[in-house]
Amino acid sequence: MINIKSLLIILFTVFINFSVLSDEADKVTTTSSDFETTYNEDEIFDPIEPINRVIFGFNNVADKIILEPVAKGYRKLPSPIQSGINNFLSNLRAPLVVVNQLLQGQGKNAAETTGRFVVNTTAGVLGLVDVADKIGLEEKEEDYGQTLAIWGVGDGFYVVLPIFGPSNLRDSAGLFLTYSTDPFNAYAVREGEGWVVPLRTATNAVDKRSKIIAEVNALRNNSVDYYAAVRSSYYQNRKAAIQNIDDSELTPLPLISVEFE
Amino acid sequence: MNFLYKIFFIFLLNATPLLADEASDWLKKEIDNILDAYKDTSVSKVDRFNLIEDSINNNFAGAGISKFVAGKSWFSASKETKKEYVKLFKRHLALNIASIMQGYSYQEYVLINSKYDEKNKVSMIDMEIHNDTGNLLVTWRVKKSKDRYFVIDLIVADISLVVTKRSEFNSKLKKVDQKLNELNVVLRSQNESSYSIITN
């Protein structure tokens, strides 16, 4: 059994260790290299920021009082129903994904997405079940904004669209092209069932929003500038989608010193 | 003699170098500590956050991240302002991470992949979070220093926490002529608001 003297010495040793560590943490030194970064995130071109902030404020309120509560309700549906809706919407997007993959010269991916569409529409009961994923045909997303970026079209400036949220000039043009060339939307309008288009858009928004409830709340509740945080998140997310690279390779490593932690 | 072994063991625990391939094991233990804190319903929300804040402060490179996030405004700030800013930022970081992890507390996760970037001496550990309707990929960037590991960034669905914070703080600092002391006022107020949300 350890005696009092030994215990005091052990406590003293541990205390000294922690004191040294906590003291080290407070010693903040820096060199100029700590601020070097190849990432140009600070340089997002946002010339209409005051207008964007107003629209962002409106969208934020709409999200809080409509989209988030609906998304939370949607999350309470049985998971096969949620998966079914997600798969169905994803399958409807497939023809335009194929078009964009072809426009980007991704022949193999276009063939796979075509295969996914055929398999899921037939064996997957109109896309409700993602059978294709189970046979190795992985889902890949491409849109007109990404195609324009691959063709060398720049971002343009940052813009917040009412209801649709963060975007930029190029991606807004891409969004317009998506709505105007989507074969299912065109068919619905031609058949006099135009109401299907906003319903599809709204369902898609709820489905997507339901997957990021925790992340959006974490960002909204803990940001000193929520607008800037969303703007940065949008650009990082789009950059990853355009470059089709994996998360861990995406952002150039910030040069963070841990020597004085 | 027995007592000397005990003293030696205490020092050894602090100094034992962890192998690079052990970064994932270390991270899993730390993530489990945080997630377990959420699952323990006997702990009050305040105690839970305090526990998580301690864990985050011990395992994240809070001071290094805070400097990176402050950008060029760091140079012109006084020593006292910097010290205050680092303290506030560490709490801000803890509140952010705690808030993100709270959302994952009842979901299953698995560390699926670990890569080591030899050039930058950084381990990148992929964590896949499973729920009924899909998976979410979170990448932890971990760096070793003085024989222990520090998390230097967290990437959720392609979005880096550190890069987002830098952009966010830069936007705020532009409005106050890069004065870090004025940012501290905003940061203190935001921390109080975030703390109130997470503990109520």
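From a predicted model like this one, the values you see are computed outputs, not experimental measurements.

1. Quick word on the overall build of chain A
Part 1 of the reasoning: What chain A contains, in helices and strands, is 12 helices and two strands.
Part 2 of the reasoning: Burial status across chain A gives 26% buried among its 261 residues.
Part 3 of the reasoning: Of the contacts made within chain A by residues no fewer than 6 positions apart, 64% connect residues no fewer than 24 positions apart.

2. Notes on the pairing of strand S3 (residues 134–145) of chain B
Note on strand geometry: in a regular strand, side chains alternate between the two faces of the sheet.
Residue and element names in this part refer to chain B.
Part 1 of the reasoning: Two elements, strand S2 (residues 122–131) and S3, share 10 bridges in a ladder whose sense is antiparallel. Bridge pairing links His-130 to Asn-135 in S3.
Part 2 of the reasoning: Sheet analysis places S3 next to strand S4 (residues 148–156), joined by eight bridges and oriented antiparallel. Paired with Val-142 across the bridge in S4 is Val-151.

3. Notes on the packing of helix H3 (residues 45–59) of chain B against helix H6 (residues 79–104) of chain B
Residues and elements named next belong to chain B.
Part 1 of the reasoning: Running from N to C, H3 and H6 point in directions that differ by 115 degrees, and their axes come no closer than 9 Å. Accordingly, the angle class assigned to the pair H3 and H6 is roughly perpendicular. Like other packed secondary-structure pairs, H3 and H6 cross with a definite hand, here right-handed. Across from Phe-49, Ile-52, Glu-53, Ile-56 and Asn-57 in H3, the residues of H6 making contact are Lys-90, Arg-91, Leu-93, Ala-94, Ile-97 and Ala-98.
Part 2 of the reasoning: Counted by class, the contact of H3 with H6 contains seven nonpolar, one polar and three charged residues.

4. Some words on the packing of helix H4 (residues 62–70) of chain B against helix H7 (residues 161–175) of chain B
Residue and element names in this part refer to chain B.
Part 1 of the reasoning: Packing of H4 against H7 leaves a shortest axis separation of 8 Å and a crossing angle of 45 degrees. When the axes of H4 and H7 are compared, the pair comes out oblique. Handedness of the H4/H7 crossing: right-handed. Contacts between H4 and H7 involve Ile-65, Phe-68, Val-69 and Ala-70 on the former and, on the latter, Val-162, Lys-165, Arg-166 and Phe-169.
Part 2 of the reasoning: Looking at the contact of H4 with H7, its residues break down into six nonpolar, no polar and two charged.

5. Observations regarding the sheet that holds strand S5 (residues 159–160) of chain B
Part 1 of the reasoning: On the basis of which strands lie adjacent, the open sheet formed by five strands has the order S1-S2-S3-S4-S5 (chain B) and antiparallel pairing. The open sheet terminates on both sides in strands that have one partner only, identified here as strand S1 (108–117) and S5 of chain B.

6. Regarding the nonpolar core
Part 1 of the reasoning: Judged by nonpolar contacts, the single largest core of 49 residues is most densely connected at Ile-65, Ala-98, Trp-140, Val-142 and Val-151 of chain B.
Part 2 of the reasoning: The dominant element in this core, judged by the number of residues it contributes, is H6 of chain B, at nine residues.
Part 3 of the reasoning: If you look at the next biggest cluster of nonpolar residues, it comprises seven residues, including Leu-96, Val-97, Val-99 and Ala-110 of chain A.

7. Description of helix H2 (residues 49–75) of chain A
Since one α-helical turn is 3.6 residues long, residues separated by three or four positions face the same way.
Part 1 of the reasoning: In this model, H2 of chain A (27 residues) spans only 34 Å end to end at C-alpha, well below the 39 Å of a helix rising 1.5 Å per residue.
Part 2 of the reasoning: Of all bends in H2 of chain A, the biggest is about 50 degrees, found at Asp-63 of chain A.

8. Quick look at the pairing of S1 of chain B
Residue and element names in this part refer to chain B.
Part 1 of the reasoning: Of the pairings in the sheet, the one linking S1 to S2 comprises nine bridges and is antiparallel in character. The residue bridging Val-110 from the neighbouring strand is Glu-128, located in S2.
Part 2 of the reasoning: Between S1 and the antiparallel strand that follows it, S2, lie four residues; Lys-121 among them carries a positive phi value of about 55 degrees.

9. Some thoughts on unusual backbone geometry
Part 1 of the reasoning: Despite not being glycine, Val-125 of chain A has its phi angle at roughly 50 degrees, a positive value.
Part 2 of the reasoning: Looking at the element boundaries, Val-125 of chain A is found in the loop between helix H4 (107–122) and helix H5 (131–134).
Part 3 of the reasoning: By C-beta crowding, Val-125 of chain A is classed as partly exposed, having 13 other C-beta atoms within 10 Å.
Part 4 of the reasoning: Non-glycine residue Asp-147 of chain B carries a positive phi angle of around 65 degrees.
Part 5 of the reasoning: Here Asp-147 of chain B shows up in the loop between S3 and S4.

Procedures and definitions
All residue numbers refer to position in the chain's written sequence, counted from 1. As they are written, the chains are lettered A onward and the ligands numbered 1 onward, keeping that order. A pLDDT threshold of at least 70 governs which residues receive local features in this predicted model, and a stricter bar of 80 or more applies before side-chain atom pairs are shown or counted, although totals over entire chains, interfaces and linings include all residues. Here a strand is any run of E in DSSP of at least two residues, a helix any run of H or I of at least four, and the numbering for each starts at the N terminus. Once C-beta atoms are placed from the backbone, each residue is buried if 20 or more other C-beta atoms lie within 10 Å of its own, exposed if 12 or fewer, and partly exposed for counts between those two. Each residue gets a C-beta atom placed from its backbone, and two residues are in contact if those atoms lie within 7 Å. In this analysis, strands are considered paired if DSSP registers two or more bridges between them. Between the N-to-C directions of two axes lies an angle of 0 to 180 degrees, each axis being a line fitted to C-alpha atoms and, for a helix, fitted only over the stretch in contact. Should an angle lie under 35 degrees it is considered roughly parallel, over 145 roughly antiparallel, and from 65 to 115 roughly perpendicular; all remaining angles are considered oblique. A clockwise turn of the near helix away from the far one marks a right-handed crossing, whereas an anticlockwise turn of less than a right angle marks a left-handed crossing. Each residue is assigned to one class: nonpolar for Ala, Val, Leu, Ile, Met, Phe, Trp, Tyr, Cys and Pro, charged for Asp, Glu, Lys and Arg, and polar for all the others, Gly among them. One nonpolar core equals one set of buried Ala, Val, Leu, Ile, Met, Phe, Trp, Tyr and Cys residues connected by C-beta atoms within 7 Å. What a helix should span is 1.5 Å times the count of its residues minus one. Working definition for bend: take the seven residues up to and ending at a residue and the seven starting at it, fit an axis to each, and measure the angle between the axes.

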